[in-house]
Protein chains: 2
Amino acid sequence: MSGVRGPDQVERLVAMLARLPGMGRRSARRAALKLLQDPGGLMLPLSEQLRETAESVRPCRVCGNIDTQDPCRICTDPSREQDILCVTEGVADLWALERAHVHRGLYHILGGVLSALSGVGPEDLRIGALVERIAAGEIQEVILALPATVDGATTAHYLTDRLRAAAPHLAVTRLAQGVPMGGALDVMDDGTLAAALKARRPA
Amino acid sequence: MSGVRGPDQVERLVAMLARLPGMGRRSARRAALKLLQDPGGLMLPLSEQLRETAESVRPCRVCGNIDTQDPCRICTDPSREQDILCVTEGVADLWALERAHVHRGLYHILGGVLSALSGVGPEDLRIGALVERIAAGEIQEVILALPATVDGATTAHYLTDRLRAAAPHLAVTRLAQGVPMGGALDVMDDGTLAAALKARRPA
């Protein structure tokens, strides 16, 4: 029944759009219709942009960031602090830190965190490459900007041991934990409150 | 600062994805990252599907549906009832009715509803084409499947007058209003409850 769910071409497009995060079948249909209403202004340009981006963007061999150049523009930017390295789980976290303009050093993307449940071991992450970068000697501090989860904490512990063994004088730091800006205390979970209280500072 | 928000190519992709309904800047970034993680399996096929669909799908000159053929597969399907025509606001509503398998006749898409606020007048909708189809004489009943809103009701009134003037013996019907299937009474709005009570039927 070709007409039952819209023409086949449209159905195939809806099925692909539905694979994007945050998109369900329903929103994918709405997106497909919006695209079909403006083939020249949105649909073909999006097709072209997807192709262009897929063909031009690749992972940076140094830090694992994605960029149109390799090594990426952060790794090759001489104005960035060359002795401080921020380790993140993925590219999205790097983007978030860059948007916040809070880190002017370099990055290293792990490509995940250790997870016994998901079977992610050290060899699945870019840890060997990290240790090699540290061994080169220029890095003075590694900031572990990993998620505040059990797996993130496990990964931070593991990395701290590995990095201290490889470079005894290296400073290894972690992000502070506490109440987020604007956060109301009565909606915070117990773990956050405990961490915030433990790490209290003089007013 | 090229690195601040990710490489330009990625930023342009994010900006385009963010124009899709239901996508904000944040979900567009997540979608872009997911696409970038699988260029061959998702990103390039989506690019190709968008291009193919944009180039092959067009509006049906008869009913306004979109399909890879014109007239569309519904209009040219001889097994469908040729004397009953369902009028909808847009293609999404046609798809919803087809998915529900509740209408075996033909369709006519208005391309919107009358709206004084948005400045949509009769000449902006496919009303002339509808009257012409009715004037051809084969249609016995027109079902106005328009949204249960003020603008939808205004449009239904206007169409009823136009159609009755053009074809005095034509049956013009509207969808029933009432409590939706599975709907709890205590969360229904007053308008729905009033309509459901007014249209009550013998048990």
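It should be emphasised that the depicted structure is a prediction, and the values quoted were computed from it without experimental measurement.

## Thoughts on the overall build of chain A
A tally of helices and strands in chain A yields seven helices and six strands. Ordered by position in the sequence, the α and β elements of chain A form the string α-α-α-β-β-β-α-β-α-β-α-β-α. A compact globule built from 203 residues should have a C-alpha radius of gyration of about 17 Å, whereas chain A, at 22 Å, is more than 25% larger. Overall, the C-alpha framework of chain A stretches about 65 × 45 × 35 Å when taken along its three principal axes. Across the 203 residues of chain A, 44% fall into the buried class. Contacts in chain A between residues far apart in sequence, at least 24 positions, make up 47% of those at least 6 positions apart.

## Re the environment of Glu-11 of chain A
Residues and elements named next belong to chain A. Its location among the elements puts Glu-11 in helix H1 (residues 8-17). With a relative accessible area of 15%, Glu-11 lands in the buried category. In this structure the C-alpha to C-alpha distance between Glu-11 and Ala-32, which are 21 residues apart in sequence, comes to 8.9 Å.

## Regarding the domain arrangement of chain A
Examined at the domain level, chain A breaks down into domain 1 (8-56) and domain 2 (81-174). The distance between the C-alpha centroids of domain 1 of chain A and domain 2 of chain A comes to 35 Å.

## Here's the deal with the state of the cysteines
All names here are of chain A. If you walk through the whole model with that rule in mind, you get zero disulfides over all chains. Between Cys-60, a cysteine without a disulfide, and Cys-75, which holds the nearest cysteine sulfur, the sulfur-to-sulfur distance is 3.8 Å. Of all cysteine sulfurs, the one in Cys-63 lies closest to Cys-86, which takes part in no disulfide; the gap is 11 Å. The class for Cys-86 is buried, based on a relative accessible area of 3%.

## Some words on the confidence of the model for chain A
The predicted model of chain A has a mean per-residue pLDDT of 91, with 97% of residues at 70 or higher. Here helix H7 (residues 190-198) of chain A stands out as the element of chain A with the lowest mean pLDDT, 84, in contrast to strand S4 (residues 106-109) of chain A, whose mean of 97 is the highest.

## Here we look at the interface of chain A and chain B
At the junction of the two partners, chain A supplies 54 residues and chain B supplies 54 residues. Carbon and sulfur atoms supply 72% of the area that chain A and chain B bury against each other, a total of about 5,300 Å² over both sides. Linking chain A to chain B there are one salt bridge. The salt bridge partner of Asp-8 of chain B is Arg-73 of chain A, with a shortest N-O separation of 3.9 Å. Linking chain A with chain B are eight residue pairs in polar contact (both at pLDDT 80 or more). Listing elements by their share of the side of chain A that touches chain B, those giving two or more residues are H1, helix H2 (25-37), helix H3 (39-56), strand S2 (66-67) and helix H4 (91-100) of chain A. For the side of chain A that touches chain B, the per-class residue count stands at 27 nonpolar, 12 polar and 15 charged.

## Remarks on the pairing of S4 of chain A
Regular strands have side chains that alternate between both faces of the sheet. Residue and element names in this part refer to chain A. Residues Leu-106 and His-108 point to one face of S4 and Tyr-107 and Ile-109 to the other, with burial holding for every one of them. Strand direction decides the pairing type here: strand S3 (residues 84-88) and S4, joined by four bridges, are parallel. By the bridge assignment, Thr-88 is partnered in S4 with Ile-109. As for the winding sense of the linkage, the β-α-β connection from S3 through H4 to S4 is right-handed.

## Concerning the nonpolar core
In globular proteins that are soluble, nonpolar side chains generally tend to be buried together. The biggest cluster of nonpolar side chains holds 68 residues, and the ones touching the most others in it are Leu-17 of chain A together with Leu-17 of chain B. Beyond its immediate sequence surroundings of up to four residues, Leu-17 of chain A is in contact with Met-23, Ala-28, Ala-31, Ala-32 and Leu-35 of chain A together with Leu-46 of chain B.

## What to know about the relation of the copies chain A and chain B
The two copies are related by a screw motion: chain A maps onto chain B through a turn of 179 degrees and a shift of 0.0 Å along the axis, at an RMSD of 0.1 Å. Look at the turn and shift together and you get a two-fold axis relating the two. Every residue of chain A has its C-alpha some distance from the rotation axis, and the shortest such distance is that of Ser-47 of chain A, at 2.0 Å. Residue by residue, 100% of the interface of chain A is reproduced at the interface of chain B, so both copies engage with the same surface.

## A look at the pattern of salt bridges
All names here are of chain B. On inspection of all chains with the given rule, the structure shows 13 salt bridges over all chains. In this structure, Glu-55 engages Arg-51 in a salt bridge whose closest nitrogen and oxygen atoms are separated by 2.7 Å. One end of the pair, Glu-55, and the other, Arg-51, are both in helix H3 (residues 39-56), four residues apart, so they sit about a helical turn from each other. Arg-73 is paired through a salt bridge with Asp-67; the nearest N and O atoms lie 2.6 Å apart.

Parameters and conventions
- Residues numbered from 1 in each chain as written.
- Chains lettered and ligands numbered in written order.
- Predicted model: local features only at pLDDT ≥ 70, side-chain atom pairs only at ≥ 80, totals over all residues.
- Heavy atoms only, no water.
- Helix = DSSP H or I, 4+ residues; strand = E, 2+ residues; numbered from the N terminus.
- Rg over C-alpha atoms; globule rule 2.2 N^0.38 Å.
- Buried < 20%, exposed > 50% of the residue type's maximum accessible area, 1.4 Å probe, protein only.
- Contact = heavy atoms within 4.5 Å.
- Domains from an automatic or database assignment.
- Disulfide = S-S within 2.5 Å.
- pLDDT = per-residue confidence, 0-100.
- Buried area = accessible area lost by both parts, 1.4 Å probe.
- Salt bridge = Lys/Arg side-chain N within 4 Å of Asp/Glu carboxyl O.
- Polar contact = N/O pair within 3.5 Å; in protein donor to acceptor, adjacent residues only side chain to side chain.
- Nonpolar A, V, L, I, M, F, W, Y, C, P; charged D, E, K, R; others polar.
- Pairing = 2+ DSSP bridges.
- Right-handed = clockwise from strand over helix to strand, strands pointing away.
- Core = buried A, V, L, I, M, F, W, Y, C linked by side-chain atoms within 4.5 Å.
- Least-squares fit on C-alpha atoms with pLDDT ≥ 70 in both.

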